[in-house]
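Structural features, examined
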Amino acid sequence: MMKKEKVLINSFRQIALDTIEMVVENAYISQTAKPGQFLHVSVEGHMLRRPISIADINKEKNTITILFKVVGSGTAKLATLTPGMSLDVLGPNGNGFQIDDQQKSTILLIGGGIGVPPLYYLGKTLAEKNIEIISILGFQTKDYVFYEEKFSNLGRNYVVTDDGSYGEKGFVTDVVKMAGDFDSYYSCGPLPMLKAITTKLKGKPGMISLEERMGCGVGACMACVIPTKKSGGYKKICSDGPVFHAEEVSL
Amino acid sequence: MNNLAVNLPGLELKNPIMPASGCFAFGREYSKFYDLSKLGAVMMKAATGTERFGNPTPRVAETASGMLNAIGLQNPGVEKIIENEVPFLANYDTSIIANIAGSTLEEYEKVANAFNQTDDVHALELNISCPNVKEGGIQFGTDPGMAAKVTEAVKKASRLPVYVKLSPNVTNVVEMAKAVEAAGADGLSMINTLTGMQIHLPSKKPLIANQTGGLSGPAIKPVAIRMIYEVKQHVSIPIIGMGGVSTAEDVLEFLLAGASAVAVGTANFNNPYVCPEIIEALPETLQKYGFDSVQDAIGKGIVQA
Ligand SMILES: Cc1cc2nc3c(=O)[nH]c(=O)nc-3n(C[C@H](O)[C@H](O)[C@H](O)COP(=O)(O)OP(=O)(O)OC[C@H]3O[C@@H](n4cnc5c(N)ncnc54)[C@H](O)[C@@H]3O)c2cc1C
Ligand SMILES: Cc1cc2nc3c(=O)[nH]c(=O)nc-3n(C[C@H](O)[C@H](O)[C@H](O)COP(=O)(O)O)c2cc1C
Ligand code: FES
């Protein structure tokens with residue numbers, strides 16, 4: 001269950017262009033969060049909280065890792081914080097990835113840009129269950145690449161850049177063939193990427209994590225909706241998601 | 001004696017604080033944070049005659065000291081609200097105010113009438129001021145003749161006290177207030193959001209899919225205070241004030257301007273505990289400025305001409 005918590009910033013480092021990795025400490029969230037859930041972070045001087053995915057958890061140390069890209073005023077403000085300061089967050093929010101407990105299955109993780117972080121905690125959790133992991137990580141250019149080594153430790157890993165400045169050239173969908181056989185996939189990234197993936201992998205079981213501008217972040221304001229395929233209704237990304245079955249929503 | 005208590009038509013409020021319509025859904029989400037019995041009342045999300053899916057996304061944008069929203073009255077429809085949502089809220093010791101909306105006079109009547117089925121709703125908030133739907137809503141809220149007509153129709157259709165929610169998107173709010181008072185309104189609720197727009201630089205297009213949205217939050221508080229101050233001097237029905245409230249000091253300012261109770265909207269998004277925190281801080285704030293009770297402060301900021 002989500003709570004309003006203070007988290008203490010333990011460490012802060014830039015890991016790629018405009019991309020910050022922050023490790024924060026909080027017992028409640030670290031013990032209860034599941035892969036795919038997010039923190040709704042209050043930023044000084046801003047009306048609305050910012051949703052940021054949980055990228056990793058260390059239960060022994062009570063820490064949560066988040067990664068964010070500086071894209072606007074809120075994330076720029078977050079990038080001025082230093083270890084020892086604290087953040088006011090709601091968390092853990094939303095419903096994460098449903099984890100397939102089938103032994104011996106092979107799972108493909110497909111991440112694009114700042115959609116890569118939640119897949120790391122997911123991949124780590126799956127790898128602990130002896131599930132085989134293959135990952136494809138897409139970035140704009142070499143300067144934005146992060147966590148390649150961490151994903152390589154989980155299994156076979158492909159990096160793709162739009163301009164070919166690192167790894168394969170092209171989009172993540174161009175590499176899916178190279179990845180070989182898999183049973184199901186999990187993906188998070190920009191909407192055009194998710195559209196391309198779900199179209200290409202139609203028929204394969206998959207789960208995708210979505211983004212939308214949020215008001216409350218707790219399911220009360222109806223800001224963050226996505227149309228569902230059946231019945232013409234809407235689901236709330238903040239509380240029904242952010243993770244959905246690929247077949248469930250209309251992108 | 002409870003110095004926070006206020007009695008209004010249909011509403012015996014143990015304190016004057018309630019979440020504003022559309023910012024609290026039907027209470028379930030915030031009930032996970034605190035006991036809703038702490039609240040003076042709850043203003044439910046707008047109910048329409050049948051289910052509405054609302055507008056495409058993006059539906060919200062952040063602004064300096066506020067936000068824009070164009071949700072478009074997404075709600076499951078009045079029957080489902082009565083069946084599934086009202087009984088949940090009725091578990092709490094708080095008053096329930098149903099916000100009603102429609103595209104036509106007939107839809108307003110239908111929704112108002114439907115709430116006669118339940119004993120758990122204590123008052124209606126007649127939303128004639130939603131800027132975010134294509135038909136209905138706003139035209140009822142900007143034309144005094146139309147506003148009076150819908151107020152009269154709803155009064156006739158319902159056995160509950162009716163608080164008419166006024167739009168700030170008018171040149172003469174006093175005229176609107178007088179028109180609905182004459183048409184039988186039991187109270188007023190003000191203000192709804194101010195129509196605004198944000199242009200997204202990367203796409204060079206309006207950010208909100210509906211193009212325009214309603215501005216809420218601290219940015220609109222001075223507008224709300226001014227409008228309540230003006231209206232209070234021309235009507236004798238009570239006013240529930242709202243617009244940018246996030247502290248007990250803000251609440252006192254609304255009381256001084258002439259509000260008898262105060263709703264909190266956008267502030268819930270940043271701080272889910274904002275309502276109980278305000279309720280807790282209110283006695284001390286009243287005392288600090290020399291008031292014995294909420295009742296004592298109402299309208300005391302008005303300078304007699
Ligand atoms: C469930 C979820 C998980 C996310 N996880 C991460 C993550 O792990 N790392 C990361 O860097 N980013 C993540 N994002 C995107 C992140 O929330 C936005 O980049 C961030 O809110 C931008 O804030 P800003 O003030 O810098 O930008 P501005 O453009 O100045 O923000 C203005 C407003 O728009 C909202 N907004 C802007 N872009 C987005 C967006 N893409 N998604 C949702 N709201 C947006 C902001 O929250 C704010 O309310 C996630 C988004 C969602 C919905
Ligand atoms: C996301 C959102 C949804 C809203 N939905 C409704 C609604 O359904 N009916 C209504 O009468 N007002 C609605 N409002 C307006 C609020 O009830 C309130 O009048 C306004 O936001 C000003 O108060 P605030 O500044 O405290 O938010 C909504 C406001 C927001 C921000
Ligand atoms: S952000 Fe309010 S319902 Fe999702």
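As the structure is a prediction and not an experimental result, all values here were calculated from the model. (Residues numbered from 1 in each chain as written. Chains lettered and ligands numbered in written order. Predicted model: local features only at pLDDT ≥ 70, side-chain atom pairs only at ≥ 80, totals over all residues. Heavy atoms only, no water.)

1. So, the overall build of chain A
Spelled out, the test is: Secondary structure elements follow DSSP: runs of H or I of four or more residues count as helices, runs of E of two or more count as strands, with numbering from the N terminus. In this setup the radius of gyration rests on C-alpha atoms only. A globule is expected at 2.2 Å times the number of residues raised to 0.38. Buried means the residue's accessible area, taken with a 1.4 Å probe over protein chains only, is under 20% of the maximum for its type, while exposed means over 50%, and partly exposed covers the values in between. Every residue pair with non-hydrogen atoms within 4.5 Å of one another is taken to be in contact. To be clear on the numbers: accessible area is Shrake-Rupley with a 1.4 Å probe, and residue cover counts the displayed protein chains and nothing else. Only four residue types enter the charge count: Lys and Arg as positive, Asp and Glu as negative, with His and the chain ends excluded. Positions of charges follow a simple convention, taking NZ of Lys, CZ of Arg, CG of Asp or CD of Glu.
Assigned secondary structure in chain A consists of 6 helices and 16 strands. Compactness check: chain A gives a C-alpha radius of gyration of 17 Å against a globular reference of 18 Å for 251 residues, within 12% of the reference. With respect to the three principal axes, the spread of C-alpha positions in chain A is 45 × 45 × 35 Å. Considering chain A as a whole, with its 251 residues, one finds that 56% of them fall into the buried category. Of the contacts made within chain A by residues no fewer than 6 positions apart, 60% connect residues no fewer than 24 positions apart. Accessible surface computed for chain A: about 10,500 Å², of which carbon and sulfur atoms make up 49%. Of the charged side chains in chain A, 28 are positive and 26 negative, and the gap between their average positions amounts to 4 Å.

2. Focus on the domain arrangement of chain A
Residues and elements named next belong to chain A. Stated precisely, the cut-off is as follows: Delimitation of the domains relies on an automatic or database domain assignment. When two parts are put together, the accessible area they lose, computed with a 1.4 Å probe and summed over both, is reported as buried area. What makes a salt bridge here is a side-chain nitrogen of Lys or Arg within 4 Å of a carboxyl oxygen of Asp or Glu, nothing more.
Here chain A is described as being made up of domain 1 (3–93) and domain 2 (106–209). Relative placement of domain 1 and domain 2: their C-alpha centres are 23 Å apart. In this complex, domain 1 contributes 19 residues to the contact, which on the side of domain 2 involves 14 residues. When domain 1 packs against domain 2, close to 1,400 Å² is buried across both sides, 63% of that on carbon and sulfur atoms. At the junction of domain 1 and domain 2, the tally comes to 1 salt bridge.

3. A few points about the site of ligand 2
All names here are of chain B. The criterion, for reference: Residues are labelled near a given molecule or strand when at least one of their non-hydrogen atoms is within 4 Å of it. Pairing of N or O atoms within 3.5 Å defines a polar contact, subject to two protein rules: one partner must be a possible hydrogen donor and the other a possible acceptor, and residues neighboring in sequence count only if both atoms are side-chain atoms. Three residue categories are used. Nonpolar comprises Ala, Val, Leu, Ile, Met, Phe, Trp, Tyr, Cys and Pro, charged comprises Asp, Glu, Lys and Arg, and polar comprises the others, including Gly.
Neighbouring residues of ligand 2: 23 residues in total, closest Ser21, Lys165, Gly217, Gly244 and Thr266. With respect to ligand 2, the side chain of asparagine 127 contributes an N or O atom lying 3.2 Å from an oxygen atom. Isoleucine 191 is positioned with one of its backbone polar atoms (N or O) 3.0 Å from an oxygen atom of ligand 2. Burial of ligand 2 by the surrounding chains reaches 98%, relative to a free accessible area of 610 Å². Its residues assigned to classes, the shell around ligand 2 comprises 8 nonpolar, 13 polar and 2 charged.

4. Here's the deal with the sheet that holds strand β8 (residues 106–112) of chain A
Hydrogen bonding along the main chain pairs the strands of a sheet, whether they run parallel or antiparallel. Residues and elements named next belong to chain A. Where we set the bar: Pairing between two strands requires that DSSP report at least two bridges joining them.
The 7 strands lie next to each other as β11-β10-β9-β8-β12-β13-β16, forming an open sheet whose pairing is mixed. The open sheet has two edge strands with one neighbour each: β11 (168–169) and β16 (243–245). With 3 bridges connecting them, strand β13 (residues 206–209) and β16 associate as antiparallel partners. When the sheet's bridge partners are listed, isoleucine 208 is paired in β16 with phenylalanine 244.

5. Comments concerning the packing of aromatic side chains
What counts, and what does not: Two rings belonging to Phe, Tyr or Trp (six-membered ring only in the last case) form a pair when the distance between their centres is within 6.5 Å. Interplanar angles under 30 degrees mark stacking, angles over 60 mark edge-to-face geometry, and anything in between is tilted.
Enumeration over the complete set of coordinates arrives at 11 aromatic pairs over all chains. Both rings, one in Phe97(A) and one in Tyr186(A), keep their centres 5.4 Å apart while their planes meet at 85°; by these two values the pair is edge-to-face. Here Tyr186(A) lies in strand β12 (residues 184–188) and Phe97(A) lies in the loop between β7 (86–93) and β8, a separation of 89 residues in the sequence. Since its relative accessible area comes to 6%, Phe97(A) is described here as buried. A ring pair is formed by Phe33(B) and Tyr273(B), whose centres lie 5.6 Å apart and whose planes are at 85°; its orientation type is edge-to-face. A residue pair is termed long-range when its members are at least 10 positions apart, and Phe33(B) in the loop between α1 (28–31) and β4 (41–43) and Tyr273(B) in the loop between α9 (267–270) and α10 (274–288) qualify at 240 residues. Three or more aromatic residues joined by ring pairs form one cluster here, namely Tyr120(A), Phe139(A), Phe146(A), Tyr147(A) and Phe151(A).

6. Some remarks on the side chain of Asn192(B)
Positionally, Asn192(B) belongs in the loop between β10 (187–190) and β11 (194–197). Given the relative accessible area of 10%, Asn192(B) is considered buried.

7. Some thoughts on the nonpolar core
Heads up, the rule is: Take the buried residues of types Ala, Val, Leu, Ile, Met, Phe, Trp, Tyr and Cys, join any two whose side-chain atoms come within 4.5 Å, and each joined set is a nonpolar core.
Met44(B), Phe115(B), Leu124(B), Leu188(B) and Ile240(B) are the most contacted members of the largest nonpolar core, which has 111 residues in total. Those residues in contact with Leu188(B) that sit more than four places away from it in its chain are Tyr163(B), Val164(B), Leu166(B), Ala177(B), Val180(B), Val231(B), Val235(B), Ile237(B), Pro238(B), Ile239(B) and Ile240(B).

8. Structural notes on the sheet that holds strand β5 (residues 60–63) of chain B
All names here are of chain B. Spelled out, the test is: Only the contacting stretch of a helix is used when fitting its axis, a line to C-alpha atoms as for every element, and angles between N-to-C directions run 0 to 180 degrees.
Taken together, the 4 strands give an open sheet; going across it, the order is β5-β6-β14-β11, and neighbouring strands pair in antiparallel fashion. Edge positions in the open sheet fall to β5 and β11, since each of these has one partner strand only. Adjacent strand axes in the sheet meet at a mean angle of 40°, parallel and antiparallel pairs treated alike. One ladder, built from 3 bridges, connects strand β6 (residues 66–69) with strand β14 (residues 212–216); its direction is antiparallel. For methionine 67, the partnering residue across the bridge sits in β14 and is serine 216.

9. What about the interface of chain B and chain A?
Between chain B and chain A, the contact holds 33 residues from the first and 28 residues from the second. Interface of chain B and chain A: buried area, both sides summed, is about 2,400 Å²; carbon and sulfur atoms make up 62% of it. Counting the surface chain B buries against chain A, the share from its top three residues, Glu62(B), Phe269(B) and Asn270(B), is 26%. Counting across the chain B and chain A interface gives 2 salt bridges. Among the salt bridges present, the one from Glu29(B) reaches Lys236(A), with a minimum N-O distance of 3.8 Å. Where chain B meets chain A, there are 9 residue pairs in polar contact (both at pLDDT 80 or more). Only α1, β5, β6 and α9 of chain B provide two or more residues apiece to the side of chain B that touches chain A. The greatest single-element share of the side of chain B that touches chain A, amounting to 3 residues, is contributed by β5(B). When its residues are assigned to classes, the side of chain B that touches chain A shows 16 nonpolar, 13 polar and 4 charged.

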